[in-house]
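Descriptive structure summary
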Amino acid sequence: MDTLLQFLLTDFLGKPAWVWLLFIGIVITLLALDLGLLHKDDHEIGVKESLLLSSGYISMALLFGGWVWWYMGAQSGTEYFTGFLIEKSLSMDNVFVIALIFSALSIPRLYQHRVLFWGVLGVIVLRALMIGLGAVLVSQFSWVLYVFGAFLLVTGIKMWVTAEHPPDMANSALLKFLRRHMRITPEVQGNAFFVTQPDPVSGKPVRWATPLFVALCMVELIDLVFAVDSVPAIFAITSDPFIVYTSNIFAILGLRALYFALAAMVHRFHYLKYALALVLVFIGSKILLLDVIGKMPAVVSLGVTFGLIAGGVIVSLWKTRGQQPVLEQS
């Protein structure tokens with residue numbers, strides 16, 4: 001018993017091990033309920049189900065944030081909610097790209113949740129590695145934060161400039177690479193990622209990847225690209241790895257659930273990308289001007305971030321009222 005207690009109280013990245021285990025247990029429970037109970041059979045997820053599932057994830061994220069506020073203090077709580085808001089908002093831009101991937105590969109709505117669910121498992125691991133690396137760099141080399149700030153500033157400007165030019169996923173370099181180096185079936189084979197079919201030359205049974213697996217690979221890569229923006233953005237708010245990781249994962253879990261509602265109305269958030277660009281510019285500038293203006297209070301960062309994102313949503317909904325969807329799901 002003493003050994004177990006000692007383990008639970010062991011410091012890991014600035015927090016007791018039991019705090020990390022609590023978070024991991026919550027995530028595993030949510031994922032088990034999602035796939036094992038609510039979606040054990042493939043079916044099309046409608047807007048109502050998507051909103052209900054997402055509201056459950058968001059409620060858990062808010063409750064966890066409330067616990068962080070109570071257990072770790074107002075500063076940590078504010079940083080958690082700021083990180084959650086930033087990651088959730090940046091990930092909304094991810095929804096549009098994922099919808100383009102599904103459209104380019106003709107993935108039926110029936111199997112899209114399967115891709116997104118297994119994509120989340122990969123994201124949990126990739127984000128842990130990236131945040132762990134970022135925490136080490138920030139703790140060992142304080143100047144890394146200024147590199148993050150410059151990167152966010154440049155990324156924000158680039159996002160603003162390219163807002164009107166969506167990526168062409170059907171002709172992406174990754175898709176071309178996968179098609180050159182893998183056997184890929186021309187059509188989806190049910191909910192399978194791999195199938196065994198005859199080789200067109202030898203006639204022998206060989207393993208083929210399906211478009212579902214290709215979609216999974218592309219979703220993982222896209223999330224990795226977006227993480228390069230979002231992880232430094234949250235490190236600019238706090239250097240606490242626990243706050244960075246938990247706010248990241250809770251935002252991602254909820255957004256995957258909300259995808260099926262957002263994908264049908266993504267055209268209504270046209271101007272949100274400009275707001276996200278301003279958020280990145282704000283955070284990057286805050287870091288670069290740290291020696292001039294000092295450390296900005298977390299509540300101010302939260303207020304500015306919320307104001308910019310809310311403004312982007314309001315302008316988008318007003319400007320696009322009456323417009324029809326421009327992207328049809330397969």
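Every value quoted in this text rests on a predicted model; they were computed, and no experiment measured them.

**Side note on the overall build of the protein**
Looking only at helices and strands, one finds 12 helices and 4 strands in the protein. Expressed along its principal axes, the backbone C-alpha trace of the protein runs to roughly 65 × 60 × 40 Å. Across the 330 residues in the protein, those meeting the buried criterion constitute 48%. In the protein, the share of contacts with a sequence separation of at least 24, taken over all contacts with a separation of at least 6, comes to 78%. Of the roughly 16,000 Å² that the protein leaves accessible, carbon and sulfur atoms contribute 69%.

**Notes on the packing of helix α4 (residues 74-104) against helix α10 (residues 272-288)**
Geometry of a packed helix pair, given as the angle between the helix axes and the separation of the axes. The contact between α4 and α10 brings their axes to 10 Å, and the two run at 135 degrees. By the angle class used here, α4 and α10 are oblique. The two elements α4 and α10 meet at a crossing, and its hand is left-handed. Judged by residue contacts, Ile-86, Ser-89, Leu-90, Met-92 and Asp-93 of α4 engage Leu-272, Lys-273, Leu-276, Leu-280 and Ile-283 from α10. Broken down by class, the residue content of the contact of α4 with α10 amounts to 7 nonpolar, 1 polar and 2 charged.

**Notes on the layout of surface pockets**
The volume enclosed by the second largest pocket comes to roughly 390 Å³. Lining of the second largest pocket is provided by 17 residues; of these, Ile-58, Leu-85, Lys-88, Met-92 and Leu-258 occupy positions nearest its centre. Contributions of two or more residues to the lining of the second largest pocket are made by α3 (47-72), α4, α9 (241-262) and α12 (298-319). If one sorts the elements of the lining of the second largest pocket by residue count, α4 sits on top with 6 residues.

**Let's talk about the pattern of salt bridges**
Considering all chains together, one arrives at 3 salt bridges under this definition. Via salt bridges that share partners, Glu-87, Arg-127 and Asp-223 belong to a single interconnected network.

**Notes on empty space enclosed by the protein**
Under the criterion given, the structure shown has 2 cavities of 30 Å³ or more. As a volume, the second largest cavity reaches approximately 30 Å³. In this structure, the second largest cavity is lined by Gln-75, Glu-79, Ile-237, Lys-286, Lys-295, Met-296, Ala-298 and Ser-301. Where the lining of the second largest cavity is concerned, the elements lending two or more residues are α4 and α12. Here the lining of the second largest cavity is built from residues that sort into 3 nonpolar, 2 polar and 3 charged.

**Here's the deal with the side chain of Ser-316**
Assignment of secondary structure puts Ser-316 in helix α12. Taking relative accessible area as the criterion, Ser-316 reaches 0% and is therefore assigned buried. Those residues in contact with Ser-316 that sit more than four places away from it in its chain are Arg-268, Phe-269, His-270, Tyr-271 and Leu-272.

**As for the nonpolar core**
Membership of the largest hydrophobic core comes to 54 residues, with the highest contact counts inside it found for Ile-101, Phe-102, Leu-105, Val-115, Tyr-259 and Ile-283. Only α4, α5 (109-140), α6 (144-161), α7 (173-181), α8 (211-235), α9 and α10 provide two or more residues apiece to this core. Broken down by element, this core gets its largest block of residues, 11 residues, from α4. Setting aside chain neighbours within four positions, we find Leu-105 in contact with Leu-175, Arg-179, Pro-211, Val-214, Ala-215 and Met-218.

**Quick word on the packing of aromatic side chains**
The full count for this structure, using the stated rule, is 19 aromatic pairs. Ring geometry for Phe-64 versus Phe-250: centroids 5.2 Å apart, planes at 45 degrees, classification tilted. Of the two residues, Phe-64 sits in helix α3 while Phe-250 sits in helix α9, which places them 186 residues apart along the sequence. Look at Tyr-80 and Phe-84: their rings are 6.4 Å apart centre to centre, the planes differ by 10 degrees, and that puts the pair in the stacked class.

**Here's the deal with α3**
Compared with an ideal rise of 1.5 Å per residue, which puts 26 residues at 38 Å, α3 spans 36 Å between its outermost C-alpha atoms and is within 8% of the ideal. Considered for burial, the residues of α3 that qualify are Ser-50, Leu-53, Ser-54, Tyr-57, Ala-61, Phe-64, Gly-65, Trp-67, Val-68 and Met-72. Just downstream of α3, Gly-73 is the residue with a positive phi angle, here 105 degrees.

**Topic: the environment of Pro-198**
Along the chain, Pro-198 turns up in strand β3 (residues 194-198). Sequence-wise, Pro-198 and Trp-208 are 10 residues apart; in three dimensions their C-alpha atoms are separated by 9.2 Å.

**Digging into the packing of α4 against α5**
Where α4 meets α5, the closest approach of the two axes is 13 Å, and the angle between their N-to-C directions is 135 degrees. When the interaxial angle is binned, α4 and α5 end up oblique. Note on packing geometry: the crossing formed by α4 with α5 is right-handed. Here α4 contributes Glu-87, Ile-98 and Phe-102 to the contact with α5, which in turn contributes Gln-112, Val-115, Leu-116 and Arg-127. Of the residues contributing to the contact of α4 with α5, the split by class is 4 nonpolar, 1 polar and 2 charged.

Here is what the cut-offs are and how they apply
- Residues numbered from 1 in each chain as written.
- Predicted model: local features only at pLDDT ≥ 70, side-chain atom pairs only at ≥ 80, totals over all residues.
- Heavy atoms only, no water.
- Helix = DSSP H or I, 4+ residues; strand = E, 2+ residues; numbered from the N terminus.
- Buried < 20%, exposed > 50% of the residue type's maximum accessible area, 1.4 Å probe, protein only.
- Contact = heavy atoms within 4.5 Å.
- Areas by Shrake-Rupley, 256 points an atom, 1.4 Å probe, with all protein chains shown as cover.
- Axes fitted to C-alpha atoms, helices over the stretch in contact; angles between N-to-C directions.
- Parallel < 35°, antiparallel > 145°, perpendicular 65-115°, else oblique.
- Left-handed = near helix turned anticlockwise from the far one by under 90°.
- Nonpolar A, V, L, I, M, F, W, Y, C, P; charged D, E, K, R; others polar.
- 1 Å grid on protein atoms, 1.4 Å probe; cavity = no way out; pocket = protein on both sides within 12 Å on 5 of 7 lines; lining within 4 Å.
- Points joined across faces, edges and corners; volume = space filled by probe spheres on them.
- Salt bridge = Lys/Arg side-chain N within 4 Å of Asp/Glu carboxyl O.
- Core = buried A, V, L, I, M, F, W, Y, C linked by side-chain atoms within 4.5 Å.
- Phe/Tyr/Trp six-rings, centres within 6.5 Å; stacked < 30°, edge-to-face > 60°.
- Expected span 1.5 Å × (residues − 1).

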